[in-house]
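# A structural walkthrough
So the chains spell out like this:
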Amino acid sequence: MERIDFATAKRREGIPACWKWSLPPLLFFFLFGSVASAQEVTLSGRVIDAQNVPLAEAEVTITELGSSTQTDQQGRYQFSVAPGVYTVAVTKVGFLPQDKVAQVEVPGPVTLNFQIARILPQFGQEIVVIGTRAARTAVETPVPVDVLITEEIREASQVETSRIIQFLAPSFNFSTSTISDGTDIVRPSTLRGLGPDQTLVLINGKRRHNSALVHVNGSVGRGTAGVDLNAIPASAIKKIEILRDGASAQYGSDAIAGVLNIVLQDQTEYTEIDFSAGQTFKGDGESFVLSANHGERLGQRGFINLTAEWRDRGFTNRAGADPRQQFLSLPDGSPDPREATFNRINHRYGDAESNNISLFANSEIGLGEQSDLYFFGGASQRDGESAGFYRRSLDSRNVPQVHPEGFLPLINTDVEDLSLTSGFRHRFGAWALDASLTLGANAFEFFISNSVNASLGAASSTAARAGTLNFRQQTFNLDFFGTVQGDLPRPINLAFGAEVRRDNYEIEAGELTSYVDGGVPNQFGGRAAAGIQVFPGFRPSNQVDESRSNVAGYVDAEIPLSEEFLLGLAGRFEHYSDFGSNLSGKLAGRYEFTPRFAVRGSVSNGFRAPSLHQSFFNNTSTQFVFSQATGELVPFEVGTFRNDSAIVQGFGVAPLQEETSLSYSLGFTARPADSLSLTADVFKTDIDDRIVISGQFQAETDASGNPVDGPIRRILEPFGANAAQFFTNAIDTETEGVDVVLAYFKPIAETRSFSFTAAANWNRTQVVGTVRTPPVLAGLGETLFDRIERERIEYAQPRAHYNISAKYRHGGFTGLVRFNYFGNVKTVESASNPAIDQVFPGEWLTDLEFAYKFQSGLRLAVGSNNIFDVFPDPNRPEISFNGIFVYPRRTAPFGFNGGSWYTRISYRF
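Residues numbered from 1 in each chain as written. Predicted model: local features only at pLDDT ≥ 70, side-chain atom pairs only at ≥ 80, totals over all residues. Heavy atoms only, no water.

### Focus: the overall build of the protein
Convention followed: Numbering of helices and strands runs from the N terminus, with a helix taken as a DSSP run of H or I at least four residues long and a strand as a DSSP run of E at least two residues long. In this setup the radius of gyration rests on C-alpha atoms only. A globule is expected at 2.2 Å times the number of residues raised to 0.38. This count recognises Lys and Arg as positive and Asp and Glu as negative, with His and chain-terminal groups excluded. We put the charge of a Lys on NZ, of an Arg on CZ, of an Asp on CG and of a Glu on CD.
When helices and strands are tallied, the protein shows twelve helices and 44 strands. The C-alpha atoms of the protein give a radius of gyration of 28 Å, which matches the 29 Å a tight globule of 909 residues would have. Side-chain charges of the protein comprise 78 positive and 101 negative groups, with the mean position of each set lying 2 Å from the other.

Right under this line is the structure:
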């Protein structure tokens, strides 16, 4: 087979599409750089443990301002603040958190020292800023928040950021699919069993842009465009906060399931080089990750932290042998001799090959005594290679003169991602303002190789650019936050502000070869398939360049009605230029019966605006439908038409509108002992008008496949189409579940400790009510939203996920064992034949790691993921595509690679 390397085929002219901005971020610095500042006072001190040993990297936070810093190697910290009364909180993993009140007066300075005890568990003591407008520990928030710290992220030992989160947070899912076009390289991630685009992702508290790719094949999250978390290198992450509660009123559209806030590294004490290598037990999927992180102080208050990472992963293949006839029989009817020597592992069924390079920065610069500039963001570039269905030599879509033995078409992808936030923060008394501009962009280019456009015959090239998807987002935020002193026992924490956002979505056409119908008959004399095989290119008629804007205002208050009772109120108004306005609100509360037990709960309504992807994506693609007659997946060319097109209007489909939600949460936090923490929360989320991709409406034919008159044919015929699908608000869903987290930490001696955590998520999503079917399509509700799509929403993600881990430390040695249980999932391949449905039972996976950290700063680790080499159950014969698809290709929550090993070395200096 001819192979064309994607990297050598790429040719860029000018500025990449995802890097084009309408407002340079540097302008933002100049606009705010001259703001004057008032007189400030130095507030400083030291943090030590019970043995008077200085504690480095302790988190010190001024609650009223939301400002934080870390202690240096001598345990020292320092702030410059305006005169006033402040609450200063200190936290460090494995230590009892402590806070003190500081009276800051001119002329100062003020010294505030802390001595904290090493007695409490790791869980719940981290300061969080998500889900609350005041800095609190995770167990003090009125809504559930998970916090994944640097150490846990490192010890997860996974290659991809999304996979790391999945193996640490049971409410987060990152399903595996294969032979699914662009979804092979940018897989969707979800929270609490909802859609990928129903979770809002923030970086340092600022909105992160979505991927340009919309998932249109048969994977979890079909019809959505979520955030590509794997564009963010794990080595650049300080911690990850996961708010498991509806938060549209606090943070805006998309926060129906919750919010994921990634906090970037801000350390300034060292440089760390990290290298890891591994592969699967089968000998494929080789992975290499090389990263470097460096921090420097800039003046008294400023810093800059830089991260560079290279990540390379080879493809895996778990395909079975292809038993089918590959070549046309000889004239005398005997088999072609090549049948005997042909390599029948001709499909690629597993993880795609990918190579990722990224650079991230996080910085803050002091301006005077009361103001700061900050910026953060990064750029990443990923080359991916995945495959489609093998085209046999005797296939009508093959051109034997080009591929005598058939061919495996390859989908090469070039994913470029860029983000930059620049902002200005100014403090005045107990208040602060924060103004920022965030620019984000994602470009997703398709390049098809080792293929052919059969309609061009032997003259066809074997490679072509199939087009590019672009998504760009600009977000301006102006936030005010501070405290109001009243007659209550503690000050009211208040925040309000505004957001202005502009989104742009583009589809760029591919090369002529990628989509043209050359008119040359196929090898049997019939009409040949047009376009490059596996992913026909976007045509000029598919091109899109659409934008929209929205304006929002919000207010968020936390009111301490008593020492025990905290009440939270939030409201948000948003107006979109393309679909109108929306108002959302939230009520949350926490009541502390004793210092060791509290209850919490919330009720909120939310919304998610239809994405530009869902409004304007359109193309003609190759999809596969199960044929009961042949027992095979049969390729089928189907058009996806934009919602505002004439053909969709002919079906009577209404314009897209927002999804709306109503969420409830109720739970408790408990600390039965100093070394034991427990939280449990039940939740329910009702979503109306969920946006889905419809089923395929095909022009009517008779039993022999000949066209006959019918209502669908009459709609499609004027547009020269044989089948159509589209986005529409078709269904309502109900999701309910429980989250439980237990943590235990036991210091055994000064240099020894044992920790244990157990977390579980149970959730169930159901489609409720009737499918919203336009009158024109009366009686075709099962086509509009068939049982395949219903089961994908209800059963394609595990309804149960448990995570149990235990860690023992003795001096520089650490031993870690982790168990993950992924519950049942179900795959449905036929809309009309439930007899071939298959339920895949839940499985336990076991990870093991041993590490030793030397005093020189060198750390060595060896480990294994899925050490017992667990696989999903094999597919039943009816859906295994002749035994080629050994494992489920659409609903595999932990993949189908089996076990793997790795070794890791890092050096900090």
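That was the structure; now back to the text.
### Thoughts on helix α12 (residues 787-795)
Operational definition: Between buried and exposed lies partly exposed: a residue is buried under 20% and exposed over 50% of the maximum accessible area for its type, with that area taken using a 1.4 Å probe on protein chains only. Pairs of residues are marked as contacts when any of their non-hydrogen atoms sit within 4.5 Å. Pairing of N or O atoms within 3.5 Å defines a polar contact, subject to two protein rules: one partner must be a possible hydrogen donor and the other a possible acceptor, and residues neighboring in sequence count only if both atoms are side-chain atoms.
Extensive coverage of α12 is indicated by the burial of seven of its nine residues. Among the residues of α12, Arg787, Ile788, Glu789, Glu791, Arg792, Ile793 and Glu794 are the ones counted as buried. In this structure, the buried side of α12 is in contact with β34 (676-693), β36 (723-749), β37 (752-768), α11 (781-784) and β40 (825-827). Where α12 begins, the capping side chain belongs to aspartate 786, and its oxygen is found 3.0 Å from the backbone nitrogen of isoleucine 788.

### Section: the sheet that holds strand β16 (residues 237-243)
How we decide: By definition, two strands form a pair when at least two bridges between them are found by DSSP.
Across the sheet, which stays open at both edges, the five strands sit in the order β11-β16-β17-β14-β15 with mixed pairing between neighbours. Of all strands in the sheet, those bounded by a partner on one side alone are β11 (145-149) and β15 (206-207).

### Examining the sheet that holds strand β6 (residues 98-104)
Stated formally: Convention adopted: a line fitted to C-alpha atoms gives each axis, helices being fitted over their contacting stretch, and angles between N-to-C directions are expressed from 0 to 180 degrees.
Judged by pairing direction, the sheet is antiparallel, and its four strands sit side by side in the order β3-β2-β5-β6 without closing on themselves. Of all the strands in the sheet, just β3 (67-70) and β6 have a single pairing partner and so form its edges. Going from strand to strand, the sheet's axes swing by 25° on average, the running direction of each strand aside. Relative to strand β5 (residues 84-91), strand β2 (residues 59-62) runs antiparallel, the two sharing four bridges. Bridged to threonine 61 within β5 is alanine 89.

### Notes on the packing of aromatic side chains
Put simply, the rule reads: Side-chain rings of Phe, Tyr and Trp, where Trp is taken by its six-membered ring, are said to pair if the distance between their centres is within 6.5 Å; with planes under 30 degrees apart they count as stacked, over 60 as edge-to-face, and otherwise as tilted. A ring is considered to have a charge above it if a Lys NZ or an Arg CZ atom is located within 6 Å of its centre and within 35 degrees of its normal.
By the definition in use, this model includes 36 aromatic pairs. Taking 4.9 Å as the distance between ring centres and 70° as the angle between the ring planes, the aromatic pair formed by tyrosine 591 and phenylalanine 593 counts as edge-to-face. Exposure remark for tyrosine 591: the relative accessible area of 32% places this residue in the partly exposed category. Among the residues examined, phenylalanine 593 registers a relative accessible area of 53% and is labelled exposed. The structure contains a cluster of three or more aromatic residues connected by ring pairs, namely Tyr349, Phe389, Phe881, Phe885 and Phe896. Directly above the ring of phenylalanine 683 sits arginine 192, whose terminal nitrogen or CZ lies 3.6 Å from the centroid.

### Digging into a nonpolar patch on the surface
Heads up, the rule is: Each patch is built from residues that are more than 30% exposed by relative accessible area and take part in no salt bridge. Like charges join if they lie within 9 Å; nonpolar side chains (Val, Leu, Ile, Met, Phe, Trp, Tyr) join within 5 Å. Using a 1.4 Å probe, accessible areas were evaluated by the Shrake-Rupley method; residue-level cover was limited to the displayed protein chains. A pairing counts as a salt bridge when a side-chain nitrogen of Lys or Arg comes within 4 Å of a carboxyl oxygen of Asp or Glu.
Taken together, Ile273, Phe275, Phe288, Leu290, Trp310, Ile357, Tyr852, Phe854, Leu860, Ile905, Tyr907 and Phe909 make up a surface patch of nonpolar side chains, about 1000 Å² in accessible area. Listing elements by their share of the nonpolar patch, those giving two or more residues are β18 (271-280), β19 (287-298) and β44 (900-908). If you trace the backbone, phenylalanine 854 turns up in the loop between β42 (843-853) and β43 (858-865).

### With respect to the confidence of the model for the protein
Note the following rule: The pLDDT value expresses, per residue, how confident the predictor is, ranging between 0 and 100.
Counting all residues, the mean pLDDT for the protein is 89, and 91% of those residues have values of 70 or more. Here residues 120-124 is modelled with pLDDT under 50, and outside its nearest four sequence neighbours on either side it reaches 30 contacts, counting other chains as well.

### As for unusual backbone geometry
Trans peptide bonds make up most of the peptide bonds, and negative phi angles are found at most residues other than glycine. Omega for the peptide link from valine 106 to proline 107 comes to 10°, which places this bond in the cis form. Mapped onto the secondary structure, proline 107 falls in the loop between β6 and β7 (110-111). Unusually for a residue other than glycine, serine 157 sits at a positive phi of about 60°. Residue position: serine 157 is located in the loop between α3 (150-155) and α4 (161-166). Among the residues examined, serine 157 registers a relative accessible area of 14% and is labelled buried. One non-glycine residue, asparagine 866, adopts positive backbone phi at about 55°.

### Describing the nonpolar core
Within soluble globular proteins, side chains that are nonpolar generally end up buried alongside one another. The test is simple: Residue types Ala, Val, Leu, Ile, Met, Phe, Trp, Tyr and Cys, when buried and joined through side-chain atoms within 4.5 Å, form a set referred to as a nonpolar core.
If you look at the biggest cluster of nonpolar residues, it comprises 31 residues, and the most contacted ones within it are Phe444, Phe446, Leu469, Tyr505 and Phe617. Looking at this core, the elements that each hand over two or more residues are β23 (410-428), β24 (431-449), β25 (464-484), β26 (492-508), α8 (612-616) and β34. Look past the residues within four positions of phenylalanine 617 in its chain and what remains in contact with it is Val214, Val216, Leu469, Tyr505, Ile507, Phe538, Leu612, Thr640, Phe641, Arg642 and Phe727. Ranked by size, the runner-up nonpolar core spans 30 residues in total, among them Ile203, Val227, Phe376 and Ile687.

### Description of the pattern of salt bridges
Applying the stated rule across the entire model yields 66 salt bridges. In this structure, aspartate 322 engages arginine 324 in a salt bridge whose closest nitrogen and oxygen atoms are separated by 2.9 Å. Residue aspartate 322 shares its accessibility class with arginine 324, and that shared class is buried. Taken together, the shared-partner salt bridges in this structure form one network comprising Glu499, Arg501, Asp503, Arg548, Arg572, Glu574 and Asp578.

### Here's the deal with the environment of proline 798
Relative to the assigned elements, proline 798 resides in the loop between α12 and β38 (800-810). Taking the C-alpha atoms as reference, proline 798 lies 39 Å from serine 436; in sequence the two are 362 residues apart. Those residues in contact with proline 798 that sit more than four places away from it in its chain are Asn173, Asn763, Phe822, Gly823, Asn824, Val825 and Pro893.

### Considering the side chain of threonine 280
Of note, threonine 280 is situated in strand β18. The buried category is assigned to threonine 280, whose relative accessible area is 6%. Side chain to side chain, threonine 280 and aspartate 284 meet in a polar contact 2.6 Å long. Not counting residues up to four positions away in its chain, the partners in contact with threonine 280 are Gly285, Thr316, Arg318, Asn897, Gly899 and Ser900.

### Focus: the pairing of strand β33 (residues 659-673)
In the sheet, strand β30 (residues 597-608) pairs with β33 via twelve bridges, with the strands oriented antiparallel. Paired with phenylalanine 597 across the bridge in β33 is alanine 670. The hairpin formed by β33 and β34 contains two residues between the paired strands.

### Observations concerning the environment of proline 83
Mapped onto the elements of the fold, proline 83 is located in the loop between β4 (76-81) and β5. Taking the C-alpha atoms as reference points, proline 83 and alanine 56, 27 residues apart in sequence, are found 27 Å from one another.

### As for the side chain of asparagine 398
In this structure, asparagine 398 sits in the loop between β22 (371-387) and β23. A relative accessible area of 1% places asparagine 398 in the buried class. A polar atom in the side chain of asparagine 398 sits 3.0 Å from the backbone oxygen of histidine 403. Apart from the residues lying within four places of it in its own chain, the contact partners of asparagine 398 are Arg392, Ser393, His403, Gly406, Phe407 and Gln523.

### Observations regarding the pairing of β34
Within β34, 13 of the 18 residues are buried, which leaves it mostly tucked inside the rest of the structure. Pairing between β33 and β34: twelve bridges, direction antiparallel. Within β34, the residue paired with glycine 667 across the bridge is aspartate 681. As judged from the 16 bridges shared by β34 and β36, these two strands associate in the antiparallel manner. Across the sheet, the residue bridging to valine 692 is threonine 728, located in β36.

### Observations concerning the environment of asparagine 882
Among the structural elements, asparagine 882 can be located in the loop between β43 and β44. Taking C-alpha positions, asparagine 882 is 8.7 Å from glycine 320, a pair spaced 562 residues apart along the chain.

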